[in-house]
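Structure at a glance
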Amino acid sequence: MVCPTYPVLRRCGTVVVVMPDPLEARLTNEKGFGPDADSYFSKTVDTWRRLTRHDLREQFLAEAKKAYDHEVPTIPTVQGLWIMFAVSSMKGEDKSGSLYRLAAYGMLKKSRLNQVFFSLNDTDRDEALKKRTISRIVWGFFCLESITASNYRKPDALQKPVVPCLFPEFDHENPANVDLFGETFTESSQQPPIVVGAVNTLCRVANLMKAALDIGKGSRDNGKTGVDDPADVQSRIAVLGELHSISDSLPPKLRHDVNFTPQTCFLR
């Protein structure tokens, strides 16, 4: 099942990665279509819809719903539900989209990844790999939820993960950008360039985003604006101070003005 939001999604183990779409290059060269058309979706999807009058977005949602109705909790299904939320939100269907998002988190909880993580042994190579995979899944969804919650100005629907963050930290000895397969990024590499260590930093920022939203919710629940309450002010100062600390500690390769990539632009 191909998601229409991205060029092509291929599954590698339990990780979904974006791959270039060869069909897009051919279709978008047709007269009247291509890069001039503004869309949140893949150019292939928009071009195909114009040529055939078939909406791949609707077909994707219909197929994903069938899979959800008949599947037991699995990580690919959780990913599919979150993609359904993203597609629905971009179509302006926030209400139904939120149901997919919450369903994804409910299924993620039922998968009991935390228990599996702590039952694995670091000394076993295969189990250590599983631990890294679980950590990245859990923290990846936490980061996505932090971004989503900030957009809606509501507290996160997910709690901070109890498993440690095992995304790689920034490598000062080898700071070069890499491609989707972990190879050094060159002019011939497929976009986008990836900065090793950026997601690890994003996880730290996600914690701050959650803390800020929790402070705001506490103020509203107590009928306070957060301006005159000393404890609330101190909490905000602490969050802001930690944010400045992260910003000041970023190496040049994680700064957008030095290394212009999607990840560094977001960290800005």
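Throughout this description, residue numbers start from 1 for each chain and increase along the sequence as written. Only residues with pLDDT of 70 or above have their local features reported here, since the model is predicted, and side-chain atom pairs are shown and tallied only from 80 upward, although totals for entire chains, interfaces and linings are computed over all residues. As a rule here, side-chain values come from all non-hydrogen atoms in the structure, and water together with hydrogens is ignored.

Runs of H or I in DSSP of at least four residues are treated as helices and runs of E of at least two as strands, each being numbered from the N terminus. Following the sequence through the fold, Asn177 ends up in the loop between α7 (125-152) and α8 (198-221). Within the structure, Asn177 has its side chain in polar contact with the side chain of Asn259 (distance 2.9 Å). If we ignore the near neighbours within four places in the chain, the residues touching Asn177 are Glu183, Thr184, Phe185, Pro193, Ile194, Val195, Lys253, Asn259 and Thr261. Under this definition, polar contacts are N or O atom pairs within 3.5 Å; protein pairs additionally need one hydrogen-donor-capable and one acceptor-capable atom, and for neighbouring residues in sequence, both atoms have to be side-chain atoms. Pairs of residues are marked as contacts when any of their non-hydrogen atoms sit within 4.5 Å.

Below, the discussion takes up unusual backbone geometry. Here the residue pair Gln191 and Pro192 is connected by a cis peptide bond, since its omega of 5° sits within 30 degrees of zero. Position of Pro192 among the secondary structure elements: in the loop between α7 and α8. With a phi close to 55°, Arg112 is a non-glycine residue in the positive phi region. Mapping Arg112 onto the fold places it in the loop between α5 (94-110) and α6 (113-119). Each residue is assigned to one of three classes by its accessible area relative to the maximum for its type, calculated with a 1.4 Å probe on protein chains only: buried under 20%, partly exposed between the two thresholds, exposed over 50%. A residue is classified by how much of its surface remains accessible, and Arg112, at 56% relative accessible area, is exposed.

A carboxyl oxygen of Asp or Glu within 4 Å of a side-chain nitrogen of Lys or Arg is what we treat as a salt bridge. Overall, the coordinates contain 3 salt bridges when judged by the stated rule. Here Arg101 makes a salt bridge to Glu145, at a shortest N to O gap of 2.8 Å. Placement of Arg101 in helix α5 and of Glu145 in helix α7 is noted, with a sequence separation of 44 residues between them. The same class applies to Arg101 and to Glu145, which are both buried. Here Asp122 ties to Lys131 by a salt bridge, and the two come within 3.1 Å at their closest N and O atoms. Classification of Lys131 by relative accessible area gives buried; the value is 9%.

Should the sulfur atoms of two cysteines be covalently bonded, the bond is a disulfide. When the sulfur atoms of two cysteines come within 2.5 Å, that pair is taken as a disulfide. Tallied over the full model, the rule gives 0 disulfides. For Cys143, which is in no disulfide, the shortest distance to another cysteine sulfur is to Cys203 and amounts to 3.6 Å. With relative accessibility at 4%, the residue Cys143 sits in the buried group. With no disulfide partner, Cys203 has as its closest neighbouring cysteine sulfur the one in Cys165, 3.6 Å distant.

Once that is clear, we can look at the packing of helix α4 (residues 75-90) against α7. Taken N-terminus to C-terminus, the directions of α4 and α7 make an angle of 20°; their axes are 13 Å apart at the nearest point. When the axis of α4 is compared with that of α7, the two are roughly parallel. Seen from above, α4 lies across α7 with left-handed handedness. Facing α4, whose interface residues are Ile75, Val78, Gln79, Trp82, Phe85 and Ser89, α7 presents Ile137, Phe141, Leu144, Thr148 and Tyr152. The residue classification treats Ala, Val, Leu, Ile, Met, Phe, Trp, Tyr, Cys and Pro as nonpolar and Asp, Glu, Lys and Arg as charged. All others, Gly included, are polar. Its residues assigned to classes, the contact of α4 with α7 shows 8 nonpolar, 3 polar and no charged. Axis definition: a line fit to C-alpha positions, over the contact stretch in the case of helices; interaxial angles, taken between N-to-C directions, run 0 to 180 degrees. Orientation labels follow simple angle bins: below 35 degrees gives roughly parallel, above 145 gives roughly antiparallel, 65 to 115 gives roughly perpendicular, and whatever is left gives oblique. Throughout, a crossing is termed right-handed when the near helix is turned clockwise from the far one, and left-handed when it is turned anticlockwise from it by less than a right angle.

Let us now look at the packing of aromatic side chains. Between rings of Phe, Tyr and Trp, where Trp is taken as its six-membered ring, a pair exists when centres lie within 6.5 Å; planes separated by under 30 degrees are stacked, by over 60 edge-to-face, and by other angles tilted. What the rule picks out here adds up to 3 aromatic pairs. Ring centres of Trp82 and Phe85 lie 5.1 Å apart, and the angle between their planes is 75°; on these two criteria the pair is classed as edge-to-face. Here Trp82 and its partner Phe85 are both found in helix α4, 3 residues apart, which amounts to about one turn of the helix. The pair Trp82 / Phe85 is uniform in exposure class, with both members buried.

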